Amino acid sequence: MSKKFLEQFFLFQEMNEKELEEIKKIVTKKVYKKNEIIFLEGDLGDSIYLVLDGLIKVFRTGSTGREKTLSLLGRGDFFGEMALLDDNFRSASVQAIKSSQVYIIDKVKFYKVLSDFPQIPLKIIVKLSQRLRKANNQIKNLTFKSVRDRLEVVLLELANRYGERRDEGLLISKKITHQELGNLVGTTRESITKLINEMVEEKKLLVKNRYLILLDFDK
Ligand SMILES: Nc1ncnc2c1ncn2[C@@H]1O[C@@H]2COP(=O)(O)O[C@H]2[C@H]1O
């Protein structure tokens, strides 16, 4: 594990070599298989997770069993800090949707890191503020926007994060199923299929080998 590698984690940026050495000593690496549940909403939580690679979904399940994806996480992201900080149950479920590697730091060791490195709590606050901002936008979108508009917002967010420029347009470099898009947008798989077909007909979207390509993303 190189210094350069650990630096990619937002939490550890700006740390010097010696400080990163200390962090290295307390992490445990774990690999989760595709579709493996990392933990469930309501579980007791005693560790924080840092994503090394893969794709990880944070979600909640409604009483009817329908899922709402709160966030998709990848390399450099962290999760599981809330139950540690407020001493409560896990506020959401977390699942690897591709094979994913994570570093795990247990509560006692993490508290030691927090007291030794005062910039880390500040960084966590920054992330929590960004997350609240995003959650507020989601509430606004769910309340006021049509399903089609919400799908466009989600596609733009995915393109922002995973977009790769191609001759045809902006390719979303992760394969996302219609069910998963439905969970992100807050609608059914069937509605997503209908809307994707609509966007393809309008030449706003291209589907190639199950990858989505945005055609008029500049607008
Ligand atoms: N709205 C959200 N967006 C992104 N991540 C979240 C959101 N809500 C909860 N999480 C993460 O999901 C984790 C579930 O376990 P914790 O409550 O310990 O910590 C939580 C956060 O790290």
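Just so we're clear, the structure is a prediction, and the values are computed from it rather than from any experiment.

Examining the pairing of strand 12 (residues 211–214)
Part 1: Burial along strand 12 is one-sided: Leu-212 and Leu-214 are buried, and none of Tyr-211 and Ile-213, which face the opposite way, are.
Part 2: Pairing geometry for strand 10 (residues 170–172) and strand 12, over 3 bridges, is antiparallel. Paired with Ile-172 across the two strands is Leu-212, which belongs to strand 12.
Part 3: Where strand 11 (residues 205–208) and strand 12 come together, 4 bridges link them in antiparallel fashion. By the bridge assignment, Val-207 is partnered in strand 12 with Leu-212.

Focus: the domain arrangement of the protein chain
The accessible area lost on association of the parts is a frequent measure of interface size.
Part 1: With domains assigned, the protein chain is organised as domain 1 (3–143) and domain 2 (146–214).
Part 2: Of note, the centres of domain 1 and domain 2, computed from C-alpha atoms alone, are 26 Å apart.
Part 3: Elements that contribute at least two residues to the side of domain 1 that touches domain 2 include exactly strand 5 (67–73) and helix 5 (119–144).
Part 4: Per-element tally for the side of domain 1 that touches domain 2: the top contributor is strand 5, with 3 residues.

Some thoughts on the site of the ligand
Part 1: Every one of the 15 residues lining the ligand counts as a neighbour, but Ser-71, Phe-79, Met-82, Ala-83 and Ser-91 are closest to it.
Part 2: Counting residues per element, the shell around the ligand draws most heavily on helix 3 (residues 81–86), which supplies 3 residues.
Part 3: Tallied by class, residues from the shell around the ligand come to 8 nonpolar, 4 polar and 3 charged.

Quick notes on the UniProt feature "domain: Cyclic nucleotide-binding" (unreviewed entry) in the protein chain
Part 1: Mapped onto this structure's residue numbering, the UniProt feature "domain: Cyclic nucleotide-binding" (unreviewed entry) falls at residues 11–131.
Part 2: For residues 11–131, the end-to-end C-alpha separation is 15 Å, with 31% helix and 34% strand making up the annotated structure.

Details of the environment of Leu-155
Part 1: Tracing the sequence through the fold places Leu-155 in helix 6 (residues 147–162).
Part 2: Assessed through the 24 C-beta atoms surrounding it within 10 Å, Leu-155 is described here as buried.
Part 3: Here the alpha-carbon distance between Leu-155 and Thr-28, two residues 127 residues apart in the chain, equals 34 Å.
Part 4: Excluding residues that lie within four positions of it along the chain, Leu-155 makes contacts with Leu-212 and Leu-214.

Remarks on the nonpolar core
Among soluble globular proteins, nonpolar side chains are generally buried collectively.
Part 1: Phe-9, Tyr-49, Leu-50, Val-51, Ile-56, Phe-78 and Val-102 are the most contacted members of the largest nonpolar core, which totals 27 residues.
Part 2: Taken together, the elements giving at least two residues each to this core come down to strand 3 (47–53), strand 4 (56–61), strand 5, strand 7 (93–96) and strand 8 (100–106).
Part 3: Here the element with the most residues in this core is strand 3; it accounts for 5 residues.
Part 4: Here Ile-56 is in contact with Val-51, Leu-73, Val-94, Ala-96, Ile-97 and Ser-100, once residues within four sequence places are set aside.
Part 5: In terms of nonpolar packing, the next biggest core, distinct from the first, is built from 16 residues, Val-154, Ile-172, Leu-184 and Leu-205 among them.

Thoughts on the sheet that holds strand 8
Part 1: In spatial order, the strands read 1-8-3-6; together these 4 strands make up an open sheet with antiparallel pairing. The open sheet has two edge strands with one neighbour each: strand 1 (28–32) and strand 6 (78–79).
Part 2: Bridging between strand 3 and strand 6 involves 2 bridges; their strand directions are antiparallel. Paired with Leu-50 across the strands is Phe-78, a residue of strand 6.

Quick word on helix 8 (residues 189–201)
Part 1: Taking 1.5 Å of rise per residue, 13 residues should cover 18 Å, and helix 8 covers 18 Å from first to last C-alpha, within 8% of that figure.
Part 2: If you check which residues of helix 8 are buried, you get Ile-192, Leu-195 and Met-199. Projection of helix 8 onto a plane perpendicular to its axis shows the buried side chains occupying an angular sector of 70°, all on one side. Relative to its buried face, helix 8 has exposed residues pointing more than 90 degrees away, namely Glu-190, Asn-197 and Glu-201.
Part 3: At its buried positions, helix 8 is contacted by helix 6, helix 7 (178–185) and strand 11.
Part 4: Just beyond helix 8, the residue with positive phi is Lys-203, at close to 60°.

About the criteria used
- Residues numbered from 1 in each chain as written.
- Predicted model: local features only at pLDDT ≥ 70, side-chain atom pairs only at ≥ 80, totals over all residues.
- Buried ≥ 20, exposed ≤ 12 C-beta atoms within 10 Å, placed from the backbone.
- Helix = DSSP H or I, 4+ residues; strand = E, 2+ residues; numbered from the N terminus.
- Pairing = 2+ DSSP bridges.
- Domains from an automatic or database assignment.
- Near = placed C-beta within 6 Å.
- Nonpolar A, V, L, I, M, F, W, Y, C, P; charged D, E, K, R; others polar.
- UniProt positions renumbered as here; feature names shortened; annotations may be inferred.
- Contact = placed C-beta atoms within 7 Å.
- Core = buried A, V, L, I, M, F, W, Y, C linked by C-beta atoms within 7 Å.
- Expected span 1.5 Å × (residues − 1).
- Arc of directions from axis to C-beta.

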